[in-house]
Amino acid sequence: MKKRTMFVQVAFYLPDIVFLYMLYLSYKKNIPLNDFEFLIGLIICAVIKLFLHFSGFYYFFVRRIHNLSKNIQNLKQGKFVLPDMEFFGGGYLSDIHDEIVDLGKHLLKMTNSQKDEIDKYREVYNNIIYSSNSYFLVVNAQYEVLFVNKTFCSEFEFSQQALSGRKIKEVFLGQNDVLWNSVESVKKTGNEIILQKITLFANCRSMVFDIKISRVVVQGESQIVMVMENITDRIRKEYQISLINQITESIQRDEEIDRILFSILTAVTSGSGLGFNRAMLFTYNDELGEISGKMAVGPDSFEEAIQIWGAVQNENVDMVTRVSSYKVTSGIRGGRFYSDVVSSRFPVSSGNILVKCMTELHPKHVYDSWNDPEVDEEFRKFIDVREFVAVPLVAGNKALGVIVADNRFNNTPISRENIELLSIFAMQAAFSMESFTHLSSLKEQMEKIKSRQSAIVESEKMAAVGRIAAHIAHEIRNPLATMGLYAKRILQTIAKGQKNIDSIKHGADVIKLEVERLEKILSNVMDFTRLDTYIKEYHSINDVAEDTYNLLKNLFQERKITADIRLAEDLPLVKSDFNQLKQVMLNLIQNAMDASGENGLVQIETGLKDSKVYFAVKDTGKGISPENLSKLFEPFFTTKTNGVGLGLAVCKKIVTDHGGEILARNKEYGGAEFIVEFPVT
Amino acid sequence: MTKILVVEDEQYQRELYALELKDEGYDVDQAANGKDAVELVKTNKYDLVILDIRMPEMDGIEALGKILSRDKKIPIIIYTAYSNYKSNFMTWTADAYVTKSSNLDELKNKIKEVLENRSKSK
């Protein structure tokens, strides 16, 4: 640059030098220039200088400014690497130019470092999205996959390359109508949609997701972003818990064991359960010494499998509800697979894989049944699948049967986790079966006890009838005997010809009295049996108590018995027959008076307890002997010599006819207490 | 003369037994309940006691125990309207158990039988 500048400066003074040289030469050779020639030389020199000056001005000034503005333009366009232009002559402009170039370099450095930063962030974000536990899937307006993250790929075992550009409907098999409609709607409206519990089936794997679908517009084109949360495990756990609950409930509800087992097998095969393709249950029959197929759940063919998986997610109904609507008779499909399993029999002596599983009480995971020596030819033919797992149903220390599960249709490898889960279900199944057996035998025992009890009750009843009959017999035999004796006596008197009228009259009187006594007994019995019509209205039990007491007031005074009456206020009314209740109270109070005797005390109390209105009558007598407590309310039971034994029996009948209860007990410090309770209606 | 105590709460029956037994030639005392009977046994010597079961104050079974505890040898006939205790009467150590009826012949025969047995064993 400097050289050039120097050259240019030299060139600029060159005409002057040539002119001076020519002047020197003319002077030396003594050829003096005339005025004209000198003027011409001067003019030529001036013209050359002017030319040089103008061409230099252009070159050194205009060009440089032009270049400067060009570089500024470059800067504006973000081209920070500027061409190092030739700036002749240096000076102020060239300094500016240098500064602009420097600025360009500086800006370049800055933008480069920013780009680094952005790239760094992009990498971080990409890594987050890429490896996030959530699944990211971006499709374009034609529903072709633009981006998927790593989690998505690894879960469904896709490679990113294999996915990009594919139509999303080809990725997810089955009819996800809810999903497609939502995606369509988001594409149209741009409104975000969140879907819950959507089952997706891809690459032989089925999983449950909560999906957030949103739209972004990139360079004028819509893209659909799907952020998916895998809730399969959660659903599975919820499902398992609800299933266990359901099974427990089923046991409590005493439902058919088949139903419980069926729900377990369904759980084993459901996508939200364990997701096995097929499940079979074999039970051990001790008497026949064989293992036989009990039930099976699973499709017959691959087409049916696809259909079921599609149907399940369309219904969007939880398995539990499906299972609970199951009935043994209608629930089991009679498919080929089912009938094959149910008709299968394997004698224990064959020692096949099921037998081994049962005897070893340990799960058997067969990876390759074609070549596994533990699988015999018969079972190989039967199961017809490469990989399967057999889990024993262990209860206590023995196996009740085996659950066999496989993935015949999607050939998914059986994971250890699934085997563990299956074992849990097998445990449930075994537990259910055992509980059921226990329950059945318990029920049998209960039935036996019940029938024995009812026999006891029956004999008790017979004994009571016997006692009643004895009482009646006694009651009737006494007057009959007296009557017979006196009738004979009269006859004898007449036969002897004695004219003892008084004696005859006495005999006839006795007979008359005894007849009256018999009639009274009969009418008491009849009254007792006739008690069944009541006129029920709402009455205060306190009114009944006061009314009854007023009836007996004189008797209390006469017999010098103190009445202690405690009536509770604001008692609910009792729907009752006033006179019948009065009869009850009258009987109880009179009994209490008899028991307390002269100078005794009778307590009459009303109240409300445990939402029951009650009245109690307490005496200060001897109390009731334990053996009599149970017979107290039996008809014709009495400890009195002048009673028929119907008073308390009548009380009990009236009270129970009112929906109430009557009880008798001994007070702690002597005397008896009778309590009558009525429910508040 | 053979002395008999009739224990019976039914007045008309008791009176009639007394009459009939006197006709048979026995000396008869009467008691209306177990308590009176026990008192009478204390002060009198009876050759036989006829006991009803159901009586006020003290019933026949209690009276039986009390009378026998004083005098083990005294013959006792249970005479009652209860027929269902008959099979158990041996445990009460009464000599005989007769169910009441309008025919006194059975009771009279039993009295004779019991008295004869007693005199034989003496």
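Structure shown above.
The following refers to the structure shown. Bear in mind that the values here come from a model prediction, so they are computed numbers and not experimental data.

## Observations concerning a negative patch on the surface
All names here are of chain A. On the surface, a cluster of negative charge is contributed by Asp-95, Asp-98, Glu-99 and Asp-102. For Glu-99, the location among the structural elements is in helix α3 (residues 91–131). Looking at Glu-99, the relative accessible area reads 59%, which means it is exposed.

## Thoughts on the interface of chain B and chain A
Taken together, the contact between chain B and chain A spans 23 residues of the former and 24 residues of the latter. Per-residue buried area on chain B facing chain A is highest for Tyr12(B), Leu16(B) and Arg54(B); these three make up 33% of the total on that side. Taken together, the links from chain B to chain A amount to four salt bridges. Note that Arg517(A) is salt-bridged to Glu10(B), the shortest N-O span being 2.5 Å. A per-element tally of the side of chain B that touches chain A places helix α1 (residues 11–23) of chain B first, with eight residues. A class-by-class count of the residues in the side of chain B that touches chain A yields nine nonpolar, eight polar and six charged.

## Things to note about unusual backbone geometry
All names here are of chain A. Even without a glycine there, the phi angle at Lys-197 is positive, about 50°. Judged by its relative accessible area of 37%, Lys-197 is partly exposed. Of note, the phi angle at Asp-570 is positive, near 55°, even though the residue is not glycine. Along the chain, the position of Asp-570 falls in the loop between β13 (562–566) and β14 (574–576).

## A word on the packing of aromatic side chains
For the structure shown, the criterion picks out 14 aromatic pairs over all chains. With a centroid separation of 6.1 Å and an interplanar angle of 65°, the aromatic rings of Phe282(A) and Phe382(A) are classed as edge-to-face. Of this pair, Phe282(A) sits in strand β6 (residues 278–285) while Phe382(A) sits in helix α15 (residues 377–383); the two residues are 100 residues apart in sequence, bridging distant segments of the chain. Residue class for Phe382(A) comes out partly exposed when judged on its relative accessible area of 22%. For the ring pair Tyr17(B) and Tyr79(B), a centre distance of 5.4 Å and an interplane angle of 75° mean the geometry is edge-to-face. Of this pair, Tyr17(B) sits in helix α1 while Tyr79(B) sits in strand β4 (residues 76–80), and the two are 62 residues apart along the sequence. Given the relative accessible area of 2%, Tyr79(B) is considered buried.

## Quick notes on the packing of helix α19 (residues 578–596) of chain A against helix α21 (residues 647–657) of chain A
Residues and elements named next belong to chain A. The N-to-C vectors of α19 and α21 enclose an angle of 145°; their axes lie 9 Å apart at closest approach. Like other packed secondary-structure pairs, α19 and α21 cross with a definite hand, here left-handed. The residues of α21 that touch α19, namely those facing Gln-580, Gln-583, Val-584, Asn-587, Leu-588 and Asn-591, are Gly-647, Leu-648, Cys-651, Ile-654 and Val-655. Counted by class, the contact of α19 with α21 contains six nonpolar, five polar and no charged residues.

## Quick notes on the nonpolar core
Residue and element names in this part refer to chain A. Core analysis: the largest hydrophobic core is formed by 51 residues, its most contacted members being Leu-354, Phe-388, Leu-393, Ile-403 and Val-404. Counting residues per element, this core draws most heavily on helix α9 (residues 257–269), which supplies eight residues. Ignoring any residue separated from it by four or fewer positions in sequence, one finds Leu-393 in contact with Leu-281, Lys-398, Ala-399, Leu-400, Gly-401, Val-402, Ile-403, Ala-426, Ala-429, Ala-430 and Met-433. Of all hydrophobic cores here, the second largest spans 44 residues; its members include Phe-578, Met-585, Leu-646 and Cys-651.

Cut-offs and rules
- Residues numbered from 1 in each chain as written.
- Chains lettered and ligands numbered in written order.
- Predicted model: local features only at pLDDT ≥ 70, side-chain atom pairs only at ≥ 80, totals over all residues.
- Heavy atoms only, no water.
- Patch = residues over 30% accessible without salt bridge, like charges linked within 9 Å, V, L, I, M, F, W, Y side chains within 5 Å.
- Areas by Shrake-Rupley, 256 points an atom, 1.4 Å probe, with all protein chains shown as cover.
- Salt bridge = Lys/Arg side-chain N within 4 Å of Asp/Glu carboxyl O.
- Lys, Arg positive; Asp, Glu negative; His and termini not counted.
- Charge placed at Lys NZ, Arg CZ, Asp CG, Glu CD.
- Helix = DSSP H or I, 4+ residues; strand = E, 2+ residues; numbered from the N terminus.
- Buried < 20%, exposed > 50% of the residue type's maximum accessible area, 1.4 Å probe, protein only.
- Contact = heavy atoms within 4.5 Å.
- Buried area = accessible area lost by both parts, 1.4 Å probe.
- Nonpolar A, V, L, I, M, F, W, Y, C, P; charged D, E, K, R; others polar.
- Phe/Tyr/Trp six-rings, centres within 6.5 Å; stacked < 30°, edge-to-face > 60°.
- Axes fitted to C-alpha atoms, helices over the stretch in contact; angles between N-to-C directions.
- Left-handed = near helix turned anticlockwise from the far one by under 90°.
- Core = buried A, V, L, I, M, F, W, Y, C linked by side-chain atoms within 4.5 Å.

Such coordinate-based values are descriptive only and should not be taken to indicate function.
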